[in-house]
Amino acid sequence: MDKLILIEEIKRLKKEKNAVVLAHHYQVEEVKEVADIIGDSLELSRKATEVQEQTIVLSGVHFMAESVKILSPNKKVLLPVKDAGCPMADMIDEEKLEAFKARHPTGKVVCYVNTSAEVKAKSDICCTSSNALKVVNSLGEDPVLFIPDQNLGNYVKKYSGNKNVIPYNGYCITHHRARKEDALKAKAKHPEGLLLAHPECQEEVLEEADFIGSTTAIINYAENSENQTFIIGTEMGVVESLKKQLPNKTFYLLAQSFICSNMKKTRLEDVYRALKKDTYEIQIDEQTLQEAKSTLVNMLAL
Ligand code: 13P
Ligand code: SF4
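A short tour of the structure in this document, coming up. (Residues numbered from 1 in each chain as written. Chains lettered and ligands numbered in written order. Predicted model: local features only at pLDDT ≥ 70, side-chain atom pairs only at ≥ 80, totals over all residues. Heavy atoms only, no water.)

1. A closer look at the sheet that holds strand β5 (residues 108–112)
Formally: Two strands form a pair only when DSSP identifies at least two bridges running between them. Each helix is a run of H or I in the DSSP string that is no shorter than four residues. Each strand is a run of E no shorter than two, and both are numbered from the N terminus. A fitted line through C-alpha atoms represents every axis, and for helices the fit uses only the stretch in contact; the resulting angles, taken between N-to-C directions, go from 0 to 180 degrees. Any two residues whose heavy atoms approach within 4.5 Å at even a single point are treated as in contact.
The sheet built from 4 strands is open, its strands ordered β6-β5-β7-β8 with parallel pairing. Each edge of the open sheet carries a strand with a single partner, namely β6 (125–127) and β8 (165–167). Strand after strand, the sheet turns through a mean of 30° between neighbouring axes, direction not considered. Relative to β8, strand β7 (residues 144–147) runs parallel, the two sharing 3 bridges. Bridge assignment links L145 to a residue of β8, and that residue is I166. Helix-sheet contacts for helix α5 (residues 94–103) involve β5, β7 and β8, and the interaxial angle to β7 is about 155°.

Given below as structure tokens:
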């Protein structure tokens, strides 16, 4: 189908089906263009609770659609591409979490939002990259089992008041690829640029950064800074969002490897099919949903 016709059909189906399209910043531009709301994973699940529409098409990866479902259990939540997953979230499951807990029986489990509903259900409190320090600081001196991202875990260990943080050994295959040399090269090439990096990057990259923050924190920093040029140390979709939002500023991607192939799987055709055929509906069993919800609610209560 022609792109313009597809866009019109998506608009028509949204009305007909009483549906709304939410897209993560890492999605391709054509998908973000048909989205009603663009945001990071936490913003999307929060905003999903506020929309009136009964059907939510979540253009992102599986754990994000699950988080939306957990917080809006009475809505129909659709993920347009069934196998759009997060390899880091897949690095831990219930069994691996149980084994990790058995090795550190006194620790509280802080799970990054990039985890499955089953893993959230077996954790104590959730966090995102924007509130990880706050969440860990709220737990006092207790040992913290931080899952699954070792880089975010190490960042939290370094900057929170709790030195008893034990990170799991997962990592984001996109952010973990960037190395110190990439940061040094980009800074030498664009000396006027400030390096803004996501805490999923390795410590050697974060040490070179002028600012460390989540997707939204990076966007807000660029918007509020007096500086005109920025080197972005996160997924390329954020650079695209920034160029649109702040056309008078200049943005460079830290390294060409910053592409999340799972995030790029969703195309306009998939959003159209999701709306037309109700694919693929997120289903979570009631007990898992309730347990995972309390982990998310513990975070939101902060
Ligand atoms: P946000 O929570 O900032 O949306 O990030 C999700 C993610 O997958 C980062 O790689
Ligand atoms: Fe997962 Fe990394 Fe992709 Fe984010 S960028 S969805 S953490 S693989």
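Having put the structure on the table, let's press on.
2. Some details on the pairing of β7
Note the cut-off: Accessible area is worked out with a 1.4 Å probe on protein chains only. A residue is then buried under 20% of its type maximum, exposed over 50%, and partly exposed in between.
Where burial is concerned, the two faces of β7 agree: the one with V144 and F146 and the one with L145 and I147 are both buried. Pairing between β5 and β7: 4 bridges, direction parallel. Pairing of K108 across the sheet is with V144, part of β7.

3. A short note on the pairing of strand β1 (residues 19–24)
To keep things clear, this is the line we draw: Orient the strands so they point away from the viewer, and a crossover whose first-strand-to-second-strand path over the helix runs clockwise is right-handed.
Within β1, 6 of the 6 residues are buried, which leaves it mostly tucked inside the rest of the structure. The side-chain alternation of β1 yields two buried faces, one formed by A19, V21 and A23 and the other by V20, L22 and H24. Relative to strand β3 (residues 55–59), β1 runs parallel, the two being bridged by 5 bridges. The partner of V20 across the bridge, within β3, is I56. Read as a crossover between parallel neighbours, the route from β1 over helix α2 (residues 29–34) to strand β2 (residues 37–39) is right-handed.

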